[in-house]
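Structural description and commentary
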Amino acid sequence: MATNEWTDVHALQDMLHQVQNAPEPPRLSEQNCVEIIQKIIKLNLIELIHTLDGKEYLTHEQLFKEIREETLAQGGRVSLLSLQTNLNVDIGYIQKFTSDLSKQDNQWLIIQGDFINRRYLDKWSEELNDNLQEAGILSITDICTHHNFTKDFVLNQIQQRLGHSIQGHIEHHNADVVFTDGYLERQKSSIRGILNATTQPLKVQTILKRTMKEEKLFHSILTQLLTSGEIKGTIRGSLDKELFIPNFYIEAQEKWIDSSIQANGYTDYERLLKSGIPDPISYVQKNYDTITYFQLRKQFGKNAVQLDVENFKLILLDSCCISNQLLSQIEANIENTLTSGEWVDIVSIAPPVFNQQDCIMLLQLIASQISNNVQFKLFSETAVVSELFLENLPSKFDDVIEAKVQRITASCSYLNELFQVLTGRVSKFKVVYSASKPKKGKGKGKRKVHEQEDELSNQYVYPELEFMNSIEISRYLPRYIQEISPDFREELAAYLEQPLTSHFHSMLLDSIKSKTKGQLSSTDIYNQLTMCWYHLAIFKQAIDEAIGIPGEIFTRYLLSSICSEITNLLLYLLIKDFCNEPINDPKTFTEAKRMKLISLLNEKQKPLMVQLSKSLHGKEIDIFFLTMDKIFEHKAFSIKLDYPNTKKRKSIISGLIDTFEEQLKEEKDFATILHLATVISYTKVTGLVLHSPGKGVPHILDFLANNIPEEKIRVLKKCQSLIIKKMIHMRENDKWDNVQDFEQETQRLNQELIVSTEEVISMIFWH
Amino acid sequence: MATSTSKVWDKQLVGSAPVMTINASPRDEKWPARLKEEYTSLIQYISKNKENGNDWFKIESDKEGKKWIGKCWHTQNYTKYEFSFEFSIPSAYPNSAPEILIPELEGKTAKMYKGGKICLTDHFYPLWARNTPKYGISHLLIFGLSPWIAVEIPDLLEKGLISK
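Notes on the structure follow. (Residues numbered from 1 in each chain as written. Chains lettered and ligands numbered in written order. Predicted model: local features only at pLDDT ≥ 70, side-chain atom pairs only at ≥ 80, totals over all residues. Heavy atoms only, no water.)

Right, let's get into the overall build of chain A. Looking only at helices and strands, chain A has 33 helices and 19 strands in total. Every one of the 767 residues in chain A was classed for burial, and the buried ones make up 41%. Here the analysis covers contacts within chain A between residues at least 6 apart in sequence; of these, 61% occur between residues at least 24 apart. (Helix = DSSP H or I, 4+ residues; strand = E, 2+ residues; numbered from the N terminus. Buried < 20%, exposed > 50% of the residue type's maximum accessible area, 1.4 Å probe, protein only. Contact = heavy atoms within 4.5 Å.)

Turning our attention to the overall build of chain B. The secondary structure content of chain B amounts to 4 helices and 5 strands. When the helices and strands of chain B are listed from N to C terminus, the series reads α-α-β-β-β-β-β-α-α. When burial is assessed residue by residue, chain B has 47% of its 164 residues classed as buried. Taking contacts inside chain B between residues at least 6 apart in sequence as the whole, the part at least 24 apart equals 51%. With the model as given, the accessible surface of chain B reaches about 8400 Å², and the carbon-plus-sulfur share is 52%. (Areas by Shrake-Rupley, 256 points an atom, 1.4 Å probe, with all protein chains shown as cover.)

By the definition in use, this model includes 27 aromatic pairs over all chains. For the pair Tyr45(B) and Phe57(B), a centre-to-centre distance of 6.0 Å together with 20° between the ring planes defines the contact as stacked. Of this pair, Tyr45(B) sits in helix 2 (residues 31-52) while Phe57(B) sits in strand 1 (residues 57-61), placing them 12 residues apart in sequence. Across the pair, exposure class does not vary: Tyr45(B) and Phe57(B) are buried alike. Relative to Phe57(B), the ring of Trp56(B) lies with its centre 4.7 Å away and its plane at 65°, an arrangement referred to as edge-to-face. Here the aromatic cluster, defined as three or more aromatic residues joined through ring pairs, consists of Trp31(B), Tyr93(B), Phe124(B), Tyr125(B), Trp128(B), Tyr135(B) and Phe143(B). Over the aromatic face of Phe97(A) sits the side chain of Lys96(A), whose NZ or CZ is 5.2 Å from the ring centroid. Between the NZ or CZ atom of Lys540(A) and the centre of the ring of Phe625(A), over which it lies, the distance is 5.3 Å. (Phe/Tyr/Trp six-rings, centres within 6.5 Å; stacked < 30°, edge-to-face > 60°. Lys NZ or Arg CZ within 6 Å of the ring centre and 35° of its normal.)

Taken together, the contact pairs 17 residues of chain A with 24 residues of chain B. Together chain A and chain B conceal approximately 1900 Å² of surface at their shared face, both sides included; 62% is due to carbon and sulfur atoms. By the criterion of area lost to chain B, the three top residues of chain A are Trp6(A), Leu16(A) and Gln20(A), representing 31% of everything that side buries. Between chain A and chain B we count 2 salt bridges in total. The residue Asp8(A) makes a salt bridge to Lys36(B) at a minimum N-O spacing of 3.1 Å. For the interface between chain A and chain B, the tally reads 8 residue pairs in polar contact (both at pLDDT 80 or more). Broken down by element, the side of chain A that touches chain B gets its largest block of residues, 12 residues, from helix 1 (residues 2-21) of chain A. Residue classes in the side of chain A that touches chain B are distributed as 8 nonpolar, 4 polar and 5 charged. (Buried area = accessible area lost by both parts, 1.4 Å probe. Salt bridge = Lys/Arg side-chain N within 4 Å of Asp/Glu carboxyl O. Polar contact = N/O pair within 3.5 Å; in protein donor to acceptor, adjacent residues only side chain to side chain. Nonpolar A, V, L, I, M, F, W, Y, C, P; charged D, E, K, R; others polar.)

Here we take up the pairing of strand 14 (residues 320-323) of chain A. Residue and element names in this part refer to chain A. Burial of strand 14 is two-sided: the residues Cys320 and Ile322 facing one way and the residues Cys321 and Ser323 facing the other way are all buried. Bridge count between strand 11 (residues 266-268) and strand 14: 3 bridges; the pairing is antiparallel. Paired with Tyr266 across the bridge in strand 14 is Ile322. Taken together, the 3 bridges between strand 13 (residues 314-316) and strand 14 define a ladder with antiparallel strand orientation. Counted as the bridge partner of Ile315 is Ile322 from strand 14. (Pairing = 2+ DSSP bridges.)

On to a negative patch on the surface. Residue and element names in this part refer to chain A. Side chains of Glu126, Glu127, Asp130 and Glu134 sit close together on the surface and give a patch of like negative charge. Summarising the element assignment, Glu127 is placed in helix 6 (residues 118-135). In this structure Glu127 comes out as partly exposed when scored by relative accessible area, which is 41%. (Patch = residues over 30% accessible without salt bridge, like charges linked within 9 Å, V, L, I, M, F, W, Y side chains within 5 Å. Lys, Arg positive; Asp, Glu negative; His and termini not counted. Charge placed at Lys NZ, Arg CZ, Asp CG, Glu CD.)

Counting 75 residues, the largest nonpolar core has Trp533(A), Leu536(A), Met609(A), Phe624(A), Met628(A) and Leu716(A) as the members making the most contacts within it. Broken down by element, this core gets its largest block of residues, 12 residues, from helix 25 (residues 551-575) of chain A. Three or more residues apiece are contributed to this core by two domains, here domain 5 (522-644) and domain 6 (648-766) of chain A. Of all hydrophobic cores here, the second largest spans 46 residues; its members include Ala17(B), Tyr93(B), Phe143(B) and Leu156(B). (Core = buried A, V, L, I, M, F, W, Y, C linked by side-chain atoms within 4.5 Å. Domains from an automatic or database assignment.)

Residue and element names in this part refer to chain A. As summarised here, the arrangement of the 4 strands in space is 11-14-13-12, forming an open sheet in which the pairing is mixed. Only two strands of the sheet have a single neighbouring strand rather than two, namely strand 11 and strand 12 (290-292). Direction aside, the axes of adjacent strands within the sheet are offset by 20° on average. In the packing of helix 16 (residues 324-339) onto the sheet, contacts are made with strand 11, strand 13 and strand 14, and the angle to strand 14 comes to roughly 75°. (Axes fitted to C-alpha atoms, helices over the stretch in contact; angles between N-to-C directions.)

Coordinates in, geometry out; function isn't part of it.
And the structure:
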């Protein structure tokens, strides 16, 4: 067994030997082949291109051949990428070789990465022509998309073939479509038919939808038809709003608008727009004699121009236009209303289509034309109100005011103070500085900036003096004015606030007056007392410094008049607050009344007041002054009156002279005229004011005789003698037998006195 | 990835050199049977190489098949470099692989042990250990000697340690 094995082993050894030594068939390995070919290429003996997988080599001629064959096999058009895939050659070579091929042979083209043979284009154009003849029109864009060509290339190719292989047209300015003659004629007929049949404006878009899709071609056809006069109409508007309007429609429309404007006197632009006029203002300006609102305002501003209502003219406002005739009608209407003391809101009388702005413009035009005799005010820009209406308006609130006044007079505990305030002795307002809100600074906490801007505002001292604010008034207004617009109501309420408050104050004042029955307030008494004291000081100085005049007459008169008045006022001031019985005017106190009132005073006040009262009956005024000084010093009275300083004295003297002169102008009594003229003349000469009784006049005249021109003293003396004469005449009336004679003499004397006193007055005022 | 690629490649090579079925060392009775398989495998592999023009070695053994000698060659730059190699079948064969010697290259490369033994430790012995007793002499040459020559000879040529 083992021997057999070894025999086999030896046999195999021999076989191995044979196999190893067997001659090798002649062959070149792939590696060798590659090396050999590379060697040949290196030696420039051959030019080869290897395939992408590197397994094959191609000569240039082979590649050219393969590209051509592959392209033709694909129908004459193949993409370079397909060539790369199909020929298994790098894209760089494909690009280079196709490019070379297209340069060498004009039968080959490279278009958008496609390698194309001209036969393909011929076939393509034939196919295109077939489609065109079938459809009548083809979109260049569709062709481009379908065949994956650029628009320029397709246009170029079609234009080259137009009239030959492609039977159709391309418009120069509309290169979007290619169409056949038949198609063009069909569309023309269709559009002509539609447009000739239409009786009203038709949207171009609508026609377009019904006929063809190509807008530019449609417009081209439309323009041709309009230019050649085959259809009669106009195209208005642009883009989507483009309208075809037949000529006869435009004519009818113009007639209708014209008749509407002539009949109504106005028209609004919105209405014109709706009726198909795209630019109403231009339309109106073109067809009518117009003037704009601003031009008219300018004319009115320069001088009062009357509207020429004879020639029809339209005034252009904001949203409409109005004829001059209608404007003048409205103006007359408003003027009538104002003359009758009423008000009118122009919105209510203007045509309903007028908007707010139009109404404002209209009213401004009318306001500048209304006669100067008619006084009015404008509210909320559209309401015009006569001044008369405004003046009467506060009185319509009388019932409300009356109720409030009654409430105040019944409940208010300080009516006297209110009286003072209302009569202007004390300011109605307290000045309040209201600081505006502090501006917030950027910083935090302490860095806040408080920039305050002071504003002055008035607030009533007493809340009772406030009547209604504008909001409250606004609520009441509809009671008295019907159909009032909210804006007008607010403005009118704001306007009425002041007049209504004044009206309320006057009614309140009247009511307080009637309630207090003429009782004077402490302040009134004090003021009167001060004024009397100043006068007394001035009159006393005149007596003290008078030369050639007997002082006693004047002193006694002063004690009985001014000093008595001062005593009474002082007494009234002291007892006013606790005296239960009503006290009349303190100036009219009799001696008995005075003594009775003094008895009511407390024990501290009583002696000095008794002394003061007694001093009035003496001859010396100094006692009165001494007593007054004691009263000023006494704590029980707490009253102090100062003597006037030089400046005050001068102003009081000038005030007294003014008062005398005013009295002189008004006076009718001859004796008083002479009295006043004498006192005024004395003051002019001496600078002193005498408080003179009637019997002091001759003494003053005696003084003046030496101190004023003779002619003047003659006038005064003449008047004096006539007065004396009349007095004697009147006293001796019983001596006259004939009453008629007495009357005649009296009349004569009166005539003379009138002439004489006129001379006196004119002397005082003109010399 | 590299592992799977090398496995495919191994299979292809193994396909051209059939594997052994008998596990026997020179001391075993079955050694002649094993030797028959070795020869058959070698003959088949060499025949395939000849067909493909990839013939790269010649080998022969003594009668018992214990001592093997041969020549292998490498072609580079149109030049054929030929080297003698030899190896003995170890007594533990096929559990331990034979050690190939190329005495003429001793001292020229680091990938060689003393006495001209080429270094198979890294790239071949683990493979042999996994495939024993299926691998035989033909596999020793395919996976042991061939890669060593493919790597080392171009290196030695570049260094100028080998001349024509």
